[in-house]
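# Coordinate inspection notes
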Amino acid sequence: MLDHATNLKSLLKDPALLETRAYIDGAWVETAKTFEVTNPARGDVIAKVTDLSREEVATAIDAAHAAQKDWAQWTGKERAAVLRRWFDLMMENQDDLGTIMTAEQGKPLAEAKGEVAYGASFVEFFAEEAKRIYGETIPGHARDKRITVIKQPIGVAASITPWNFPNAMITRKAAPALAAGCAFVARPAAETPLSAIALGVLAERAGIPAGVFNVVPSSSSSEVGKEFCENPKVRKLTFTGSTEVGRILLRQAADQVMKCSMELGGNAPFIVFDDADLDAAVEGAIVCKFRNNGQTCVCANRIYVQDGVYDAFAEKLVAAVGKLKVGDGLEEGTDLGPLINQKAIDKVQEHIADAGSKGATVVYGSETQDRDGTFFGPTVVTGATKDMAFSTEETFGPLAPLFRFRDEDEVIALANDTIFGLASYFYARDLSRVYKVAEALEYGIVGVNTGLISTELAPFGGVKQSGLGREGSHHGIEDYLEMKYICMTV
Ligand SMILES: NC(=O)C1=CN([C@@H]2O[C@H](COP(=O)(O)OP(=O)(O)OC[C@H]3O[C@@H](n4cnc5c(N)ncnc54)[C@H](OP(=O)(O)O)[C@@H]3O)[C@@H](O)[C@H]2O)C=CC1
Ligand SMILES: O=C(O)[C@H](O)CS(=O)(=O)O
């Protein structure tokens, strides 16, 4: 267990991965100003990280702008080689990267190591895509005209990422950007900068040229966001986080008509039909609801169960939730770590209190934990209705509200009644029902008989106010490329 006495470095095979400085233009930069990183499982300070000002972040953008010109001249195959080396180093250091992540974010070590592998998979995938940035020729519109279309890197890409996936949300952006020939400036969440900086350590070791990949930790997110949106050397902004902040950034980026990718909030429905395999549905609901302790944008936020199986499903779910072990993510056997901070606990408690005041029943959990750190136990409520807060707001915590429904048309209407449209899930076995429901759900992602949809091979992203663009799959590199049409007179 990591406690006040234990020094995080002492847990690492390679202590050099616990870096606290900024990584700019291939150099490690520290300033007099630092901010603290705490371990949410115990509340102790585990690191003091260089705290860059907006002006210092601008020097990273200058470095990226200068380095990108040469990086774009590398062949796709040459870029692929160093990206592959970066991937290999991430996997070789998976244990240490996982330990650092658990210490700063709280997720159980097994999940943290899983995220490292997930994050690395984007680097592996886009290393290969670097070789396949194809253009096209089009038959000319006149006898003396020839049409060629080529794709070129957009330039300097800047990212702002959240604390819940402190590794994968960066590599899911940096990998296609670098594969495309862009240079990259990453601003990680202030709660979890260590995982991002460790990626910089490995980028340097992999031979990614100075200035191509930069990490700029800062306690001031809004100032850095303004620099990214207002600096003319930045050509692309890629953001993962809440829809509220996404709106702010889109407004700021509009002045430069900057290309933006937005992976924003969600409010995922998880639907159990009466022809579902109930045991499979419970297993899927546990993964979908409690992965990262409910702190993912694709977690089930509303669980709809058809009348005929409602009681059986509720009973099975409560039994399964009761087996989940809450504890320090570095402790063996922990299923659920702490929430990221007290604000996260307050939101879960607000949603439970709101539901209770409107007639819902807590059938399991809702205890705070008598221990250090920001813990809150997994909770199940029945009697959920659409006037309750979690029907329109993302809980982002370990709360499973069970709603009843009568038929397909009713539950499709309920599921779609939200401004969000990121992930959705349902369990059913009738083939025509599966087709009808999958096509009717207004979401970027539909999981059928599964609660886990995350893979680098598929286009991840939302519709409506859950975002713009897609990350992962061969589609994911398009957001870092500009298309050019060359009209040749022969
Ligand atoms: N669609 C997706 O893939 C994902 C969506 N999310 C959504 O994000 C929310 C939870 O994550 P959370 O981190 O709290 O979200 P936030 O949107 O509050 O923060 C996300 C990132 O944006 C930064 N930020 C906050 N305000 C500004 C600003 N004005 N200008 C520039 N940057 C800013 C934060 O910095 P700092 O933390 O340092 O303040 C953080 O790095 C949920 O709604 C969740 O659904 C989260 C992850 C993935
Ligand atoms: O930040 C998130 O919640 C992730 O996008 C979810 S996933 O990619 O790990 O599914």
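Residues numbered from 1 in each chain as written. Chains lettered and ligands numbered in written order. Predicted model: local features only at pLDDT ≥ 70, side-chain atom pairs only at ≥ 80, totals over all residues. Heavy atoms only, no water.

## Quick look at the overall build of the protein
The number of helices and strands found in the protein is 13 helices and 20 strands. Radius of gyration (C-alpha) of the protein: 23 Å, near the 23 Å computed for a compact globule of 490 residues. With respect to the principal axes defined by its C-alpha atoms, the protein has extents near 70 × 65 × 40 Å. Counting every position in the protein, which comprises 490 residues, the buried fraction comes to 58%. Sequence separation of at least 24 residues holds for 73% of the intrachain contacts in the protein that already meet a minimum separation of 6. Accessible surface, the protein as shown: approximately 19,000 Å² in total, 52% of it carbon and sulfur. (Helix = DSSP H or I, 4+ residues; strand = E, 2+ residues; numbered from the N terminus. Rg over C-alpha atoms; globule rule 2.2 N^0.38 Å. Buried < 20%, exposed > 50% of the residue type's maximum accessible area, 1.4 Å probe, protein only. Contact = heavy atoms within 4.5 Å. Areas by Shrake-Rupley, 256 points an atom, 1.4 Å probe, with all protein chains shown as cover.)

## Points about the layout of surface pockets
Here the second largest pocket defines a volume of roughly 320 Å³. Lining the second largest pocket are 17 residues, with P108, E111, T334, D335 and L336 positioned closest to its centre. Of all the elements in the fold, those that place two or more residues in the lining of the second largest pocket are α4 (109-129) and α9 (278-290). Taken together, the residues that form the lining of the second largest pocket break down as 9 nonpolar, 3 polar and 5 charged. (1 Å grid on protein atoms, 1.4 Å probe; cavity = no way out; pocket = protein on both sides within 12 Å on 5 of 7 lines; lining within 4 Å. Points joined across faces, edges and corners; volume = space filled by probe spheres on them. Nonpolar A, V, L, I, M, F, W, Y, C, P; charged D, E, K, R; others polar.)

## What about the nonpolar core?
By size, the foremost hydrophobic cluster in this structure holds 64 residues, and its most contacted members are W86, M90, L178, F184, L194, I208 and F213. In this structure L178 touches W71, R79, L83, W86, F184, I208, V212 and F213, once residues within four positions along its chain are discounted. (Core = buried A, V, L, I, M, F, W, Y, C linked by side-chain atoms within 4.5 Å.)

## Some words on the site of ligand 1
Near ligand 1 lie 28 residues; those nearest to it are T161, R187, S242, L264 and E394. Here an oxygen atom of ligand 1 sits 2.8 Å away from a polar atom, N or O, in the side chain of R187. A190 is positioned with one of its backbone polar atoms (N or O) 3.0 Å from an oxygen atom of ligand 1. For ligand 1, whose accessible area on its own is 890 Å², the fraction buried by protein is 85%. Contributions of two or more residues to the shell around ligand 1 are made by α7 (221-230), β10 (234-240) and α8 (243-254). (Near = heavy atom within 4 Å. Polar contact = N/O pair within 3.5 Å; in protein donor to acceptor, adjacent residues only side chain to side chain.)

## Notes on the UniProt feature "active site" (unreviewed entry) in the protein
According to UniProt, the "active site" (unreviewed entry) feature falls on E263. Given a relative accessible area of 3%, E263 falls into the buried group. (UniProt positions renumbered as here; feature names shortened; annotations may be inferred.)

## Digging into the sheet that holds strand β12 (residues 268-272)
Ordered in space as β14-β15-β16-β13-β12-β17-β18, the 7 strands form an open sheet in which the pairing is mixed. Either end of the sheet is taken by a strand with one partner, and the two such strands are β14 (361-364) and β18 (445-448). Across the sheet, the axes of successive neighbouring strands diverge by a mean angle of 25°, strand direction being ignored. Summarising the sheet, strand β15 (residues 379-384) and strand β16 (residues 399-405) pair through 4 bridges and their orientation is parallel. Opposite V380, over in β16, you have A400 as the bridge partner. (Pairing = 2+ DSSP bridges. Axes fitted to C-alpha atoms, helices over the stretch in contact; angles between N-to-C directions.)

## Let's talk about the sheet that holds strand β20 (residues 481-489)
Judged by pairing direction, the sheet is antiparallel, and its 3 strands sit side by side in the order β5-β6-β20 without closing on themselves. Strands with a single pairing partner mark the edges of an open sheet, and in this sheet they are β5 (136-138) and β20. Pairs of neighbouring strands in the sheet enclose a mean axial angle of 25°, with direction left out of account. As paired strands, β5 and strand β6 (residues 145-153) are joined by 3 bridges and run antiparallel to one another. By the bridge assignment for β6, E136 is matched with V149.

## Topic: unusual backbone geometry
Negative phi is the rule for most residues except glycine; trans is the rule for most peptide bonds. A positive phi angle, near 60°, is found at N293, a position not held by glycine. Since its relative accessible area comes to 2%, N293 is described here as buried. Phi angles above zero are rare outside glycine, and S473 is one such case at about 65°. Tracing the backbone shows S473 in the loop between β19 (467-468) and β20.

## Observations concerning the pairing of strand β3 (residues 34-38)
Burial along β3 is one-sided: F35 and V37 are buried, while T34, E36 and T38, pointing the other way, are not. Two elements, β3 and strand β4 (residues 45-50), share 5 bridges in a ladder whose sense is antiparallel. Across the sheet, E36 pairs through a bridge with K48, a residue of β4. Joining the antiparallel neighbours β3 and β4 is a turn of 6 residues, in which G43 adopts a positive phi near 80°.

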